Amino acid sequence: MQPKVYALDEHQIPLGEIDPQAVYVIQKLREAGHKAYLVGGGVRDLLLGQKPKDFDISTSARPEEVRNLFRNAILIGRRFRLAHVRFGKKIIEVSTFRAGETEAADLIVRDNVWGSEEEDVLRRDFTINGLYYDPSEQTVIDYVDGYTDVAKRLLRTIGQPSVRFVQDPVRMIRLIKFCARFHLHIDANTLEALLDCKNEIVKSSSARILEELLRMLESGASKAFFHLLQEYGLLRPLLPRLAEYCEEHVEQNEMLALLCEADAEVRKHPLDRSVLLAALLFPLLRHRLLARAKKGGSFHLGIIHEEALDTIDQAFAPFFVLPRRLHALTAFILSSQFRIQPLDDRPIRHPRPPRDPAFLWALQLFKLRAAIQPELLPFYTLWTEACYGQYPPVEQVAEERRPPRRRRRRRPD
Ligand code: ATP
Ligand code: MG
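Conventions we followed
Residues numbered from 1 in each chain as written. Chains lettered and ligands numbered in written order. Predicted model: local features only at pLDDT ≥ 70, side-chain atom pairs only at ≥ 80, totals over all residues. Heavy atoms only, no water. Disulfide = S-S within 2.5 Å. Helix = DSSP H or I, 4+ residues; strand = E, 2+ residues; numbered from the N terminus. Expected span 1.5 Å × (residues − 1). Buried < 20%, exposed > 50% of the residue type's maximum accessible area, 1.4 Å probe, protein only. Near = heavy atom within 4 Å. Polar contact = N/O pair within 3.5 Å; in protein donor to acceptor, adjacent residues only side chain to side chain. Areas by Shrake-Rupley, 256 points an atom, 1.4 Å probe, with all protein chains shown as cover.

Enquirer: Describe the state of the cysteines, with residues and values.
Expert: In the structure shown here, the tally under the stated rule is zero disulfides. The closest cysteine sulfur to the non-disulfide-bonded Cys197 is located on Cys179, 16 Å from its own sulfur. Cys260 carries a free sulfur, and the closest cysteine sulfur to it, the one in Cys246, is 14 Å from it.

Enquirer: So, helix α18 (residues 359–372): which residues are in play, and what are the values?
Expert: For α18, spanning 14 residues, the distance from its first C-alpha to its last is 20 Å, which sits close to the expected 20 Å at 1.5 Å a residue. Counting buried positions along α18 yields 11 of 14 residues, so the element is predominantly enclosed. Turning to α18, its buried residues number three or more, namely Phe359, Leu360, Trp361, Ala362, Leu363, Gln364, Leu365, Phe366, Leu368, Arg369 and Ala370.

Enquirer: Describe the site of ligand 1, naming the residues involved and giving the relevant values.
Expert: Within the structure, ligand 1 sits among 16 residues, and Arg44, Asp168, Arg171, Lys177 and Arg181 are positioned closest to it. In this structure, Arg171 approaches ligand 1 through a side-chain N or O atom, which is 2.8 Å from a nitrogen atom. A distance of 2.7 Å separates an oxygen atom of ligand 1 from a polar atom in the side chain of Arg181. The protein chains hide 84% of the 590 Å² of surface that ligand 1 would expose on its own. Listing elements by their share of the shell around ligand 1, those giving two or more residues are α3 (41–47) and α8 (170–182). With five residues, the single largest contributor to the shell around ligand 1 is α8.

Next comes the structure, spelled out in structure tokens:
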């Protein structure tokens, strides 16, 4: 099939926006006789007028050939073998053209079948992610009508949507992610397939989905993302507790309100994943504690911490397994909310911050809560002042908390 080719005067992507090291990698591959293009998210972002996060390259060269061409390249992945070309901290991902999946509606099991440049775009998920950019000609090369979809701001799968979703259900989460991030519309057939296939989502790898969820919490578009997950019925199979919460709080959804504040904050500076996860779960914990308080009994921080651990497990287990460090930190941040403002409203005369510098992260969540409930502000000020000089700057908390590296014991000769 002949692709459509769009010249500079049409697409108007300035060459200066493209990473010079990505252009260098493409040129070097071509000088060695291979085909090579920029592909995927980077091209999409440039056409949407956004700054690309990364630049990926697709080439006819095999992974070993890429490694032999670049001293700074390493090969990664067993199932999906590709090369990482490193320039300091920056990584340019170089993958070999792969053949498409068979049309059988089945989970994909093999990924390392090499193919042509056309086949390589046909295996990709959405038309807007299936465009090539050729830096020497400054052209966009389009086999899938992705260029017009970008102009129409339309999300459409490449190929039959229900087949593509069953083959890899993570694509449904990716669809919602792009929808939330770029405010795109979903094509009618793609949307119908999404609604038909939503329960397939639990058949995919929970680690991949968890990673997409955590990345979306960090994206600055998490409110829209979780709202759409709920609206299209994917939240229920993935996180049934959160779905229940959303159904019961259609009018006043504190979870979405907190995510909205978190998004605004993340756009200014990054927040740790544990703070964002705690923002997602805090309303669930608060509801549990209030229900328990109605029945009477005392509440010390130990019990609250147990409830926090249980809230996390009930929301995420058994489908997701949170990394241990993230689980523990999230519980600490959640329970610390009630150290900052005790449940029984008793006055705090002498605030005593705990030793753990992650308490600063608990204060970050409290600040998000205070943006919605201004009556919390005096507590925030009181504890922030009490913490003054106690901890390292908040940006260094992660460093401070890292356990010291264990020295390897030398074996006696
Ligand atoms: P982001 O900006 O979040 O990185 P992205 O589209 O670049 O978005 P990546 O995970 O970096 O996402 O993937 C790079 C490219 O690989 C995509 O643009 C798409 O063409 C292809 N791709 C990624 N995941 C899938 C998938 N599950 N099925 C088919 N193609 C995929
Ligand atoms: Mg990417």
